[in-house]
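Summary of the model geometry
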Amino acid sequence: MSDCVFCKIVAGKIPAKLLHEDEFVVAFADLNPQAPTHLLVIPRQHIETLNETGPEDSSLIGRMVAVATSLAKARGVDQSGYRCVLNCNADGGQSVFHIHLHLLAGRKLAWPPG
């Protein structure tokens, strides 16, 4: 989508320091971090919300989680703990309508969230 900020990052039209990049997903630091480690893992393909995913997307969602796990280990937060979050629609906390996984770590995370 031409007006999607994450699609622009994937296309290289908006600069971002990519922490991971493969044929399916990219990862980068969140510009508004909510924890000392706050990374985003996004698919290259534009999918607006989780509601638009289906069984055919299970490997993509799995890839997003696998990349987040790898990044947590690389950042040294895998043993102390981290949280992976996928928000869906406005009431679920989604503000950019291109699915994305938040990796949050580096502090004690409360439950329930927000």
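Here goes a summary of the coordinates provided. Just so it is clear, the structure is predicted and the values come from calculations on it, not from any experiment.

Focus: the overall build of the protein chain
Counting its secondary structure elements, the protein chain contains two helices and five strands. Mapped from its N terminus to its C terminus, the protein chain presents α and β elements in the order α-β-β-β-α-β-β. In terms of overall dimensions, the protein chain is globule-like: its C-alpha atoms have a radius of gyration of 14 Å, near the 13 Å expected for 114 residues. Summarising its shape, the C-alpha atoms of the protein chain cover approximately 40 × 30 × 25 Å along the three principal directions. Taken across its 114 residues, the protein chain has 35% of its residues classed as buried. The long-range fraction of contacts in the protein chain, counting pairs at least 24 apart against all pairs at least 6 apart in sequence, stands at 55%. Looking at the protein chain as shown, the accessible area adds up to about 6,800 Å², and 53% of this sits on carbon and sulfur atoms. Of the side chains in the protein chain, 10 bear a positive and 11 a negative charge, and the two mean positions are spaced by 12 Å.

Looking at the environment of Leu 103
Along the chain, Leu 103 falls in strand β5 (residues 101-105). Sequence separation of Leu 103 and Ala 29 is 74 residues, and the distance between their C-alpha atoms is 9.3 Å. Residue contacts for Leu 103: discarding those within four places in its chain leaves Thr 37, His 38, Leu 39, Ala 68, Leu 71, Ala 72, Tyr 82, Arg 83 and Cys 84.

Considerations on the nonpolar core
Residues Val 25, Val 41, Met 64, Val 67 and Leu 71 are the most contacted members of the largest nonpolar core, which totals 16 residues. When contributions to this core are tallied by element, the ones reaching two or more residues are β2 (25-29), β3 (37-43), α2 (58-74) and β5. Top contributing element to this core by residue count: α2, with six residues. Apart from residues no more than four positions distant in its own chain, Met 64 is found in contact with Val 25, Val 41, Ile 42, Pro 43, Leu 86, Ile 99, His 100 and Leu 101. Membership of the second largest hydrophobic core comes to nine residues, among which are Cys 4, Cys 7, Phe 28 and Ile 42.

A closer look at the pattern of salt bridges
If you walk through the whole model with that rule in mind, you get two salt bridges. Ionic pairing is found between Glu 21 and Arg 44, a salt bridge with its closest N-O pair at 3.1 Å. Here the residue Glu 21 occupies a position in strand β1 (residues 18-21), and Arg 44 occupies one in the loop between β3 and α2, the gap between them amounting to 23 residues. Taking the relative accessible area as the measure of exposure, Glu 21 reaches 52% and is therefore exposed. Here Arg 44 falls in the partly exposed class, since its relative accessible area comes to 26%. Taking the shortest distance from any N to any O, the salt bridge between Arg 63 and Asp 22 comes out at 2.5 Å.

A few points about the sheet that holds strand β4 (residues 82-86)
The strand order across the open sheet built from five strands is β1-β2-β3-β5-β4, with neighbouring strands paired in antiparallel fashion. Each of the sheet's edge strands pairs with one partner strand only, and the pair in question is β1 and β4. Neighbour-to-neighbour, the strand axes of the sheet open up by a mean angle of 20 degrees, direction not taken into account. In this structure, β1 lies alongside β2, joined through three bridges in antiparallel fashion. By the bridge assignment for β2, Glu 21 is matched with Val 26. Along the sheet, α2 contacts β1, β2, β3, β4 and β5; its crossing angle with β3, the most-contacted strand, is approximately 155 degrees.

Parameters and conventions
In this convention, every chain numbers its residues from 1, walking through the sequence in written order. Whole-chain, interface and lining totals are the exception, using all residues; otherwise, since this is a predicted model, local features are given only for residues with pLDDT of at least 70 and side-chain atom pairs are given and counted only at 80 or more. The side-chain numbers reported here are obtained from all heavy atoms of the structure, hydrogens and water having been left aside. Note on conventions: DSSP H or I runs of at least 4 residues are helices, E runs of at least 2 residues are strands, and numbering of each starts at the N terminus. Note that the radius of gyration is over C-alpha atoms, with the globule rule given as 2.2 Å times the number of residues to the power 0.38. Using a 1.4 Å probe on the protein chains alone, a residue whose accessible area is under 20% of its type maximum counts as buried, one over 50% counts as exposed, and one in between counts as partly exposed. When checking whether two residues touch, look at their non-hydrogen atoms; a contact exists if any pair is within 4.5 Å. The Shrake-Rupley method, run with a 1.4 Å probe sphere, supplies the accessible areas, and residue values consider only the shown protein chains as cover. Lys and Arg are tallied as positive, Asp and Glu as negative. Neither His nor the chain termini are counted. Note that the charge is assigned to NZ on lysines, CZ on arginines, CG on aspartates and CD on glutamates. Think of a nonpolar core as a cluster: buried Ala, Val, Leu, Ile, Met, Phe, Trp, Tyr and Cys residues, connected wherever their side-chain atoms sit within 4.5 Å. Just to be clear on terms, a salt bridge is a Lys or Arg side-chain nitrogen sitting within 4 Å of an Asp or Glu carboxyl oxygen. When DSSP finds two or more bridges between a pair of strands, those strands are recorded as paired. Axes here refer to lines fitted to C-alpha atoms; in helices the fit is confined to the stretch in contact. Angles between the N-to-C directions go from 0 to 180 degrees.

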